[in-house]
Amino acid sequence: MILKHGGTMYVDGGDPGAQGLDRTLESLSEVRPTVYFNLPLGYAALLPHLRRDPCLHETFFSRLQVLFSAGAPMPAETAAALRDMAEGCKCDPVQILSAWGGRRSRRWRPTATSRNTPRARSACAVARTELKLVEASDGRREIRMRGACTSPGYWRSPEMGRQMFDEEGYYRSGDAGELVDSERSERGLAFRGRMVENFRLTNGAWVHVETLRNLGVEVFGTLASQIVVSGRNQEQVGLLVFPNMQACIRLSGLPADTPRELVLRTAWCTTGCARAWTGWCR
């Protein structure tokens, strides 16, 4: 993409964690991007700094045309905050786009589907790509693909090729999806998480990990930097929530040197997460 359009690519050496974010902020203070790529966690980590630092806000949004997110669903709260910031900085709207592709299905490009409008909640197959949905044992449907986004097999590993490609040459992605409208396939496909992540409880019930994680993200919003679903071969499901302390401090209204436990307890109660979570669990 960069070569085709005669652009310049800057590689950020940081990461969304507390230790690596400073490097990202340093890079963004020097570079005014037109297209920016990151994970949802990375965008959530940037939000407090974009709000607090007018110079960073101006530098980041001044030339920006597209924000691209992949790897996981972006919470609606994060997307809305980014749109609001962009609208306050420039007249032309900034597009927030995403795409999906197989983790190993790469020949000419990794992308198999892309959202056809910025605010769409579904994605459509890109050119020269075919998709099919195959029902699995847990009732969901696996997304399989073939075309320009896939290789014809595995290098010097025919056995792996037989495992990963079906009899029609479609790559088994291991991801679940469903048509938004079964009567109108052109309306696109909705991603339903990784099938291999799912597990059963001791009562035999299936736990759809990605669905559960996404519901947790909706409840916690930017208060959580990551959510891990547990409970394999146990009686009940558990969630391990890693807090975004900067967001918790900001939302709680407490000083930055407040003990961690008090910040978390205050943010939990102030934002209504406790009530929402209890109601959702029921």
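To start, this report covers the structure provided alongside it. (Residues numbered from 1 in each chain as written. Predicted model: local features only at pLDDT ≥ 70, side-chain atom pairs only at ≥ 80, totals over all residues. Heavy atoms only, no water.)

1. Here's the deal with the overall build of the protein
Regarding its fold elements, the protein presents 9 helices and 13 strands. Of the accessible surface of the protein, which amounts to about 16800 Å², a share of 52% is contributed by carbon and sulfur atoms. (Helix = DSSP H or I, 4+ residues; strand = E, 2+ residues; numbered from the N terminus. Areas by Shrake-Rupley, 256 points an atom, 1.4 Å probe, with all protein chains shown as cover.)

2. Quick look at a nonpolar patch on the surface
Side chains of M1, I2, M9, V11, V35 and F37 sit close together on the surface and give an oily, nonpolar patch of about 630 Å² of accessible area. Summarising the element assignment, V11 is placed in the segment before α1 (21-30). What makes V11 exposed here is its relative accessible area of 72%. (Patch = residues over 30% accessible without salt bridge, like charges linked within 9 Å, V, L, I, M, F, W, Y side chains within 5 Å. Salt bridge = Lys/Arg side-chain N within 4 Å of Asp/Glu carboxyl O. Buried < 20%, exposed > 50% of the residue type's maximum accessible area, 1.4 Å probe, protein only.)

3. Notes on the packing of aromatic side chains
The description of two aromatic rings rests on the distance between their centres and on the angle between their planes. Counting across every chain of the model gives 6 aromatic pairs. Summarising the aromatic geometry, the rings of Y154 and F165 are spaced 6.5 Å apart at their centres and angled 75° between planes, so their arrangement reads as edge-to-face. With Y154 in the loop between β7 (141-147) and α5 (158-164) and F165 in the loop between α5 and β8 (171-179), this pair connects stretches of sequence that are 11 residues apart. When its relative accessible area of 25% is taken as the criterion, Y154 is described as partly exposed. Given the relative accessible area of 12%, F165 is considered buried. (Phe/Tyr/Trp six-rings, centres within 6.5 Å; stacked < 30°, edge-to-face > 60°.)

4. Considerations on the nonpolar core
In terms of nonpolar packing, the biggest core is built from 22 residues, with Y36, L50, F60, L67 and L82 touching the most fellow members. Where this core is concerned, the elements lending two or more residues are α1, α2 (40-52), α3 (54-61) and α4 (76-87). Not counting residues up to four positions away in its chain, the partners in contact with L50 are L56, H57, F60, F61, L82 and M85. Listed in part, the 9 residues of the second largest apolar core include W100, I143, M164 and Y171. (Core = buried A, V, L, I, M, F, W, Y, C linked by side-chain atoms within 4.5 Å. Contact = heavy atoms within 4.5 Å.)

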